[in-house]
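Spelled out from the first residue to the last, the chains are:
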Amino acid sequence: MVCNIQDSFSVRECINYININFGSIDILINNAGIAKNKLLFNTTLSEWNESLLTNLTSVFLLSKLVLRNMIKKKW
């Protein structure tokens, strides 16, 4: 399954698909990340935002969608 972790709709669709076809998620490992390896003054705003979306926002989006069921199951 392909999921754009920068996009809330794509993340929601992915989680819904998993819940319907495999059951609720018990454990989530947020393991996506990118690094541009550039000096700050050489980094564009677009590159900065891409890093934030991938490295931080994706953790928020994924965690928010699975935490309720994980807490109910005491995971």
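A brief look at the structure comes next. Here the structure is a predicted model, which means the values were calculated and not measured.

The rules we used
Numbering of residues starts from 1 in every chain and runs along the sequence as written. Only residues with pLDDT of at least 70 get local features here, since the model is predicted, and only at 80 or more are side-chain atom pairs given and counted; chain-wide, interface and lining totals rely on the full set of residues. The basis for every side-chain value is the complete set of non-hydrogen atoms in the structure, without hydrogens or water. Only Phe, Tyr and Trp rings are paired, with Trp represented by its six-membered ring, and only when their centres lie within 6.5 Å; those with planes under 30 degrees apart are stacked, over 60 edge-to-face, the remainder tilted. Working definition: with a 1.4 Å probe on protein chains only, accessible area under 20% of the residue-type maximum means buried, over 50% means exposed, and in between means partly exposed. Think of each axis as a best-fit line through the C-alpha atoms, taken over the contacting stretch in the case of a helix, with angles from 0 to 180 degrees between the N-to-C directions. In this text, helices come from DSSP runs of H or I with a minimum length of four residues, and strands from runs of E with a minimum of two, each type numbered from the N-terminal end. Two helices cross in a left-handed way if the nearer one is turned anticlockwise from the farther one by less than a right angle. They cross in a right-handed way if the turn is clockwise. What makes two residues a contact is simply this: any of their non-hydrogen atoms within 4.5 Å. As a working rule, the residues Ala, Val, Leu, Ile, Met, Phe, Trp, Tyr, Cys and Pro are called nonpolar, Asp, Glu, Lys and Arg charged, and the rest polar, with Gly in that last group. Here a helix's expected span is defined as the number of its residues, less one, multiplied by 1.5 Å. By nonpolar core we mean a set of buried residues, namely Ala, Val, Leu, Ile, Met, Phe, Trp, Tyr and Cys, connected to one another through side-chain atoms within 4.5 Å. Here, a salt bridge means any Lys or Arg side-chain nitrogen found within 4 Å of an Asp or Glu carboxyl oxygen.

Turning our eyes to something else, we now look at the packing of aromatic side chains. Two numbers describe a pair of aromatic rings. These are the distance of the centres and the angle of the planes. Inspection of every chain in the model, using the stated rule, returns one aromatic pair. Centroid distance Tyr17 to Phe22: 6.3 Å. Interplanar angle 70 degrees. Geometry classified as edge-to-face. Residue classification places Phe22 among the exposed positions, given a relative accessible area of 64%.

A few words on the packing of helix H1 (residues 8–22) against helix H2 (residues 45–72). In contact at an axis separation of 10 Å, H1 and H2 are set at 35 degrees when each is read in the N-to-C sense. In this structure, the crossing between H1 and H2 has a hand that is right-handed. Contacts from Ser8, Val11, Arg12 and Ile15 of H1 reach H2 at Leu61, Leu62, Leu65 and Val66. Along the lines of polarity and charge, the residues of the contact of H1 with H2 split into six nonpolar, one polar and one charged.

Take H1 next. Taking 1.5 Å as the rise per residue, H1 with 15 residues should run 21 Å; its terminal C-alpha atoms sit 21 Å apart, in good agreement. Where H1 is buried, its residues contact H2. Gly23 sits one or two positions beyond H1 and adopts a positive phi of about 95 degrees.

What follows covers the nonpolar core. One recurring pattern in soluble globular proteins is that nonpolar side chains are buried together. With eight residues, the main nonpolar core is built from Ile5, Val11, Ile15, Ile25, Leu61, Leu62, Val66 and Met70. Apart from residues no more than four positions distant in its own chain, Leu62 is found in contact with Ile5, Val11, Ile15, Leu28 and Asn30.

This paragraph deals with the pattern of salt bridges. Here the structure, examined in full by the defined rule, presents three salt bridges. Lys36 is the salt-bridge partner of Glu50, the closest N and O atoms lying 3.1 Å from each other. Residue Glu50 is found in helix H2, and its partner Lys36 is found in the loop between H1 and H2; the two are separated by 14 residues along the sequence. The class of Lys36 is partly exposed, set by a relative accessible area of 34%. Between Lys38 and Glu47 there is a salt bridge, and its shortest N-O distance comes to 2.9 Å. For Lys38, a relative accessible area of 37% puts it in the partly exposed group.

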